[in-house]
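Spelled out, the chains give:
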Amino acid sequence: MSQDLLRSLVWMDYRLAVLFTVILPLILLIWAFVKRAEAMQRLLIIYWRVASLLAITIYLLIGNFPIGFMTGFLACILIPLSLWFWADLNEEIYEQPSSPLKLTFTSWRWAVSVYSILGAVASIPFLQCAISQTAFATPFCQVWLEAPLGFKDVFHPKYQPGFLGFLGITALIIYVLYFGYFVLVRLGKQGRSAVEQ
């Protein structure tokens, strides 16, 4: 694959990610609050907790940390799991009467799940960027840093990449500790009610 084609595909992926993982779920969350659709609200809050790993990934890549490739891959796996794992929420949403919100929410949930699964599969060749410093330095891996650095230039022009990468590492440590506590302690003891606190 040529470098220009790879760059086009990477930028297309970032644009789709902004649409499917940021803009649409934010609109849906506001809409669900306005309509008082509690099951959708809870599921979207769970989604945002899990999807925050994507934001952490951006900051890790700004800081030039190869682990960002691994966190991006894991986010693609965790997002569909977070949207379909909760059987009772799925039932509540299914039992709601037909409405534009329900149709939009269901369409988005399927679309972001398919997008995430395809993204996880497509990112498998790039996992070498996370484990090999030699691979990380190649244009094959470095092309993935262009969009995060563009994000930095727009939203954090006065900050150094190293500092933003440090914020990413700190956020990742907090994320892993919270996720571990949630899975090992709260989920095991409280089941689905663990997400309501």
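Placed above this text is the structure.
The rules behind each value
- Residues numbered from 1 in each chain as written.
- Predicted model: local features only at pLDDT ≥ 70, side-chain atom pairs only at ≥ 80, totals over all residues.
- Heavy atoms only, no water.
- Axes fitted to C-alpha atoms, helices over the stretch in contact; angles between N-to-C directions.
- Helix = DSSP H or I, 4+ residues; strand = E, 2+ residues; numbered from the N terminus.
- Parallel < 35°, antiparallel > 145°, perpendicular 65-115°, else oblique.
- Contact = heavy atoms within 4.5 Å.
- Nonpolar A, V, L, I, M, F, W, Y, C, P; charged D, E, K, R; others polar.
- Disulfide = S-S within 2.5 Å.
- Buried < 20%, exposed > 50% of the residue type's maximum accessible area, 1.4 Å probe, protein only.
- Core = buried A, V, L, I, M, F, W, Y, C linked by side-chain atoms within 4.5 Å.

Visitor: Describe the packing of helix α1 (residues 3-34) against helix α9 (residues 146-155), listing the residues and the values that go with them.
Guide: At a minimum axis separation of 10 Å, α1 and α9 run at an interaxial angle of 55°. Taken together, the axes of α1 and α9 lie oblique to each other. From α1, R7, W11 and Y14 reach across to α9, where they touch E146, A147 and P148. Taken together, the residues of the contact of α1 with α9 break down into four nonpolar, no polar and two charged.

Visitor: Describe in detail the state of the cysteines, supporting the description with residues and values.
Guide: Here the structure, examined in full by the defined rule, presents one disulfide. Between C129 and C141 runs a disulfide, and the two sulfur atoms are separated by 1.8 Å. Taking the torsion about the S-S bond as the criterion, the C129 to C141 disulfide, at about -80°, is left-handed. With C129 in helix α6 (residues 128-131) and C141 in helix α8 (residues 139-142), this residue pair connects regions lying twelve residues apart in the sequence. Residue C129 is classed as buried on the basis of its relative accessible area of 0%. Looking at C141, the relative accessible area reads 0%, which means it is buried. Of all cysteine sulfurs in the structure, the one in C129 sits closest to C76, which takes part in no disulfide; the separation is 14 Å. C76 gets classed as buried once you look at its relative accessible area, which sits at 16%.

Visitor: So, the nonpolar core: which residues are in play, and what are the values?
Guide: Counting residues in each nonpolar core, the largest one holds 32 residues, and the members touching the most others are F105 and W108. Mapped by element, the contributors of at least two residues to this core are α1, α2 (38-62), α3 (67-84), α4 (87-95), α5 (100-123) and α10 (161-190). Among the elements that make up this core, the one with the highest residue count is α2 (eleven residues). Formed by 18 residues, the second largest nonpolar core is a distinct cluster that contains I58, C141, W144 and L145.

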